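Structural characterization, general
Listed below, chain by chain, are the residues.
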Amino acid sequence: CPIADLTPGVVTRIARPDVPVPLALVKVGERVFCIDDTCSHETASLSDGWLDGHEIECPLHESRFDLRTGKPDCPPARRPIRTHVVQIVDDMVCVDAASLAPATETAR
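This report concerns the structure included in the present document. (Residues numbered from 1 in each chain as written. Predicted model: local features only at pLDDT ≥ 70, side-chain atom pairs only at ≥ 80, totals over all residues. Heavy atoms only, no water.)

**Re the pairing of strand 3 (residues 31-36)**
Convention followed: Relative accessible area decides the class of each residue, using a 1.4 Å probe on protein chains only: under 20% of the type maximum gives buried, over 50% gives exposed, and in between gives partly exposed. Here a strand is any run of E in DSSP of at least two residues, a helix any run of H or I of at least four, and the numbering for each starts at the N terminus. Note on pairing: DSSP must find at least two bridges between two strands before they are called paired.
Among the six residues in strand 3, five count as buried, and that is most of the element. Bridge analysis of strand 2 (residues 23-28) against strand 3 gives six bridges, and the strand direction is antiparallel. In the sheet register, Val26 faces strand 3, and the bridge partner there is Phe33. Taking the residues that link successive antiparallel strands as the turn, the strand 2-strand 3 hairpin has two residues, and the phi of Gly29 there is positive, at about 65°. Pairing of strand 3 with strand 7 (residues 83-84), which is carried by two bridges, proceeds in the antiparallel orientation. Bridge assignment links Cys34 to a residue of strand 7, and that residue is His84.

**Here we look at the layout of surface pockets**
As a reminder of what qualifies: The method works on a 1 Å grid over the protein atoms by themselves. A cavity is a set of points holding a 1.4 Å probe that cannot get out, a pocket is an open set with protein on both sides within 12 Å along at least five of seven lines, and residues with an atom within 4 Å of a point line them. Grid points are joined across faces, edges and corners, and a volume is the space filled by probe spheres set on the points. Any residue outside Ala, Val, Leu, Ile, Met, Phe, Trp, Tyr, Cys, Pro, Asp, Glu, Lys and Arg is labelled polar, Gly included; the first ten of those are nonpolar and the last four are charged.
The space that makes up the largest pocket amounts to roughly 220 Å³. Contributing elements (two or more residues each) for the lining of the largest pocket: strand 2 and strand 9 (92-95). A per-element tally of the lining of the largest pocket places strand 9 first, with three residues. Looking at side-chain class alone, the lining of the largest pocket contains eleven nonpolar, no polar and one charged residues. Reported here for the second largest pocket is a volume of approximately 170 Å³. The wall of the second largest pocket is formed by Glu30, Arg31, Val32, Phe33, Cys34, Leu67, Arg68, Thr83, His84, Val85, Val86 and Ile88. Going through the elements one at a time, strand 3, strand 7 and strand 8 (86-89) are the ones with two or more residues in the lining of the second largest pocket. Counting residues per element, the lining of the second largest pocket draws most heavily on strand 3, at four residues. Of the residues that constitute the lining of the second largest pocket, the class distribution is seven nonpolar, two polar and three charged.

These values are about where atoms sit, not about what they do.
Set out below in structure tokens:
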């Protein structure tokens, strides 16, 4: 998407037929982060949660994940979520396609 479409501190959900998993884009300051949009504990959309700096909180059970690493900070989530490499090219947010393959249990 165009970087101009992202509002700092607001999560943008990306779910398209050509993207195998829903993604969440977040602009924090001048950086853009991309994570899998699904909580690793339950099937909840993280884009429906809350942001606090570099953390996003799941709307179901309040686990928080670091946007930079994907690591959870408290139960019930124990597994990290996937993070994806983001580049800005000609004012467009680009996500590394190699990181978008469907996740497996061993990849998480």
